[in-house]
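Listed here are the chains, written in short residue letters.
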Amino acid sequence: MELNADVVIVGCGVAGLFTALNLSPDTKIIMITKSDAESSDSFLAQGGICVLHDEEDFEAFYEDTMRAGHYENRPESVKAMIRDSRQVIGDLISYGVEFERENGELAYTREGAHSRPRILYHKDVTGKEITSKLLAAVKKLDNVELLEYTTMTDLVVKDNKCYGVVAENSQGKMKILAKNTVLATGGIGGKYKHSTNFAHLTGDSVDLAKTYGIRTENLDYVQIHPTTLYSQKPGRRFLISESVRGEGAVLLDKNGNRFTDELQPRDVVTAAIYKQMEKDGTDFVWLSMLPIPKEEILGHFPNIYKHCLEEGFDVTAEPIPVVPAQHYFMGGIWVDLESKTSMDNLYAVGETSCNGVHGKNRLASNSLLESVVFAKRTAKSIEESK
């Protein structure tokens, strides 16, 4: 079977969806996703999305991002992300995304390694709020065909130029030919035993990049999230959002003593937890949300409260066991500021790409922002190439 489009987008998380929404209505788009449309990691993001708080915040936001990334970030990418942040937040609000507000104004929270509150959120399901609204908007577009349960198996390549993808689903194999191809396939968590990612996210785009000699970068830069709910059950680990610690939760050893500064960068907190687990001879440490008022827990973190309760823990009354788990991939397919890869007519955006924004360690809540900013840049570049 052979299909034709102007643009094929592989993946329908925030990066893929926002790319589609920013292409012109006369662009024929085919989107494919390996599972159902709701099973992207974008839906799982809890904490929020960063935004430039005000013009005076630029230098601090830049420095926080660079410091968290151990100054291995690409400065021009970080600056572009911050500079474009307020505009894309306005775009999201125009699609119906509802961020928390106080007295009619946007409310900001703070997370680890941020020098001030600059994170917009929707309870503790920000990713679901953003992604569901964007998916609903894409489904209304007449120029987009969305194929679920369709797996990319190869690229269509000739003379270092991409002409589309090879994919397969229950109907069989197909070739989707397109002038431009956008890889937005997410992370690599499916390759790990303990991960916060969906199991079907296995780095398919990166594997194909290796096959075709497409430039990659920092493939060993993998972020471990410090706090996921400890469980002996198989499957995806439940994330306990960084914003919980941003609002006052503390980490405790087996004796109930605090052992680290919870608002350090994720890799630093993770290292402290591993060290404490080794010292205590335990498989987890404790996270106490008791410093947070009960009404704030129920209002700001209802999903975390509900899930922990289902697992037998009342976070308003007792600490919960937490352990680090694979969370995010900072490396990936090398791209420039327009998300162009080293192969002609091939773009990569979102977690599968590496534009250098995150450096060696991602600053909390920069992932959703990076995805929408560079998705918009991807679409603009495709439009200009027509």
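In the block above lies the structure referred to throughout.
Residues numbered from 1 in each chain as written. Predicted model: local features only at pLDDT ≥ 70, side-chain atom pairs only at ≥ 80, totals over all residues. Heavy atoms only, no water.

Some thoughts on unusual backbone geometry
Positioned with a positive phi, Tyr71 is a non-glycine residue whose angle comes to about 60°. Tracing the backbone shows Tyr71 in the loop between helix H2 (58–68) and helix H3 (75–94). Exposure remark for Tyr71: the relative accessible area of 47% places this residue in the partly exposed category. Despite not being glycine, Ser339 shows a phi value in the positive range, around 70°. (Helix = DSSP H or I, 4+ residues; strand = E, 2+ residues; numbered from the N terminus. Buried < 20%, exposed > 50% of the residue type's maximum accessible area, 1.4 Å probe, protein only.)

Details of H3
An α-helical turn contains 3.6 residues, so a residue and the one three or four places further along point in the same direction. The end-to-end C-alpha distance of H3, which contains 20 residues, comes to 29 Å, matching closely the 28 Å that a straight helix rising 1.5 Å per residue would cover. Every buried residue belonging to H3 is among Ser77, Val78, Ala80, Met81, Ile82, Asp84, Ser85, Val88, Ile89, Asp91 and Leu92, and all of these are buried. Close packing links the buried residues of H3 with helix H1 (14–21), strand S3 (49–50), H2, strand S6 (119–120), helix H4 (126–139) and helix H10 (366–384). Immediately downstream of H3, the backbone of Gly96 shows phi near 95°, a positive value. (Expected span 1.5 Å × (residues − 1). Contact = heavy atoms within 4.5 Å.)

Digging into the layout of surface pockets
Roughly 180 Å³ of internal volume is contained in the second largest pocket. Taken together, Asp84, Gln87, Val88, Glu338, Val373, Lys376, Arg377, Lys380, Ser381 and Glu384 make up the full set of residues lining the second largest pocket. Breaking the lining of the second largest pocket down by element, the ones donating at least two residues are H3 and H10. Broken down by element, the residue count for the lining of the second largest pocket peaks at six residues, all from H10. Residues belonging to the lining of the second largest pocket are distributed by class as follows: two nonpolar, two polar and six charged. (1 Å grid on protein atoms, 1.4 Å probe; cavity = no way out; pocket = protein on both sides within 12 Å on 5 of 7 lines; lining within 4 Å. Points joined across faces, edges and corners; volume = space filled by probe spheres on them. Nonpolar A, V, L, I, M, F, W, Y, C, P; charged D, E, K, R; others polar.)

Quick word on the pairing of strand S1 (residues 2–10)
Of the strand pairs in this sheet, S1 and strand S10 (residues 172–183) are connected by eight bridges, and their pairing is parallel. Of the residues in S10, the one forming a bridge with Asn4 is Leu177. Crossover connection from S1 via H1 to parallel strand S2 (residues 29–32): handedness right-handed. (Pairing = 2+ DSSP bridges. Right-handed = clockwise from strand over helix to strand, strands pointing away.)

Section: the sheet that holds strand S13 (residues 250–252)
Spatially, four strands are ordered S12-S15-S14-S13 in an open sheet, and the strand pairing comes out antiparallel. What marks the edges here is a single partner per strand, and that holds for strand S12 (222–229) and S13. For this sheet, the mean inter-axis angle between neighbouring strands, taken without regard to orientation, is 45°. Relative to strand S15 (residues 320–329), S12 runs antiparallel, the two sharing six bridges. (Axes fitted to C-alpha atoms, helices over the stretch in contact; angles between N-to-C directions.)

Here's the deal with the packing of aromatic side chains
Aromatic rings considered in pairs are described by the distance between their centres and by the relative angle of their planes. Going through the model one piece at a time under the given rule, you end up with two aromatic pairs. Seen in terms of ring centroids, Tyr230 and Phe284 are 4.9 Å apart; in terms of plane orientation they differ by 40°. Their pairing is tilted. Of this pair, Tyr230 sits in the loop between S12 and helix H6 (242–246) while Phe284 sits in the loop between helix H7 (266–280) and strand S14 (285–288), and the two are 54 residues apart along the sequence. Judged by relative accessible area, which is 22%, Tyr230 ranks as partly exposed. According to the relative accessible area criterion, Phe284 is partly exposed, its value standing at 22%. With a centroid separation of 5.2 Å and an interplanar angle of 85°, the aromatic rings of Phe284 and Trp286 are classed as edge-to-face. Classification of Trp286 as partly exposed rests on a relative accessible area of 27%. (Phe/Tyr/Trp six-rings, centres within 6.5 Å; stacked < 30°, edge-to-face > 60°.)

Things to note about the pattern of salt bridges
Under the defined criterion, the tally for this structure stands at 21 salt bridges. Between Lys139 and Glu38 there is a salt bridge whose closest N-O contact spans 4.0 Å. Separated by 101 residues along the polypeptide, Lys139 in helix H4 and Glu38 in the loop between S2 and S3 bring together distant segments of the chain. Residue Lys139 is classed as exposed on the basis of its relative accessible area of 53%. With its nearest N and O atoms 3.4 Å apart, the salt bridge here joins Arg377 to Glu338. Taken together, the positions of Arg377 in helix H10 and Glu338 in the loop between strand S16 (332–334) and strand S17 (346–348) put the pair 39 residues apart, joining distant regions of the chain. (Salt bridge = Lys/Arg side-chain N within 4 Å of Asp/Glu carboxyl O.)

A closer look at empty space enclosed by the protein
Taken as a whole and judged by the stated rule, the model has one cavity of 30 Å³ or more. Roughly 40 Å³ of volume is contained in the largest cavity. Contributing to the lining of the largest cavity are Tyr328, Phe329, Met330, Gly350, Glu351, Ser353, Cys354, Asn355, Gly356, Val357, His358 and Glu370. For the lining of the largest cavity, the elements supplying multiple residues, two or more each, are S15 and strand S18 (353–354).

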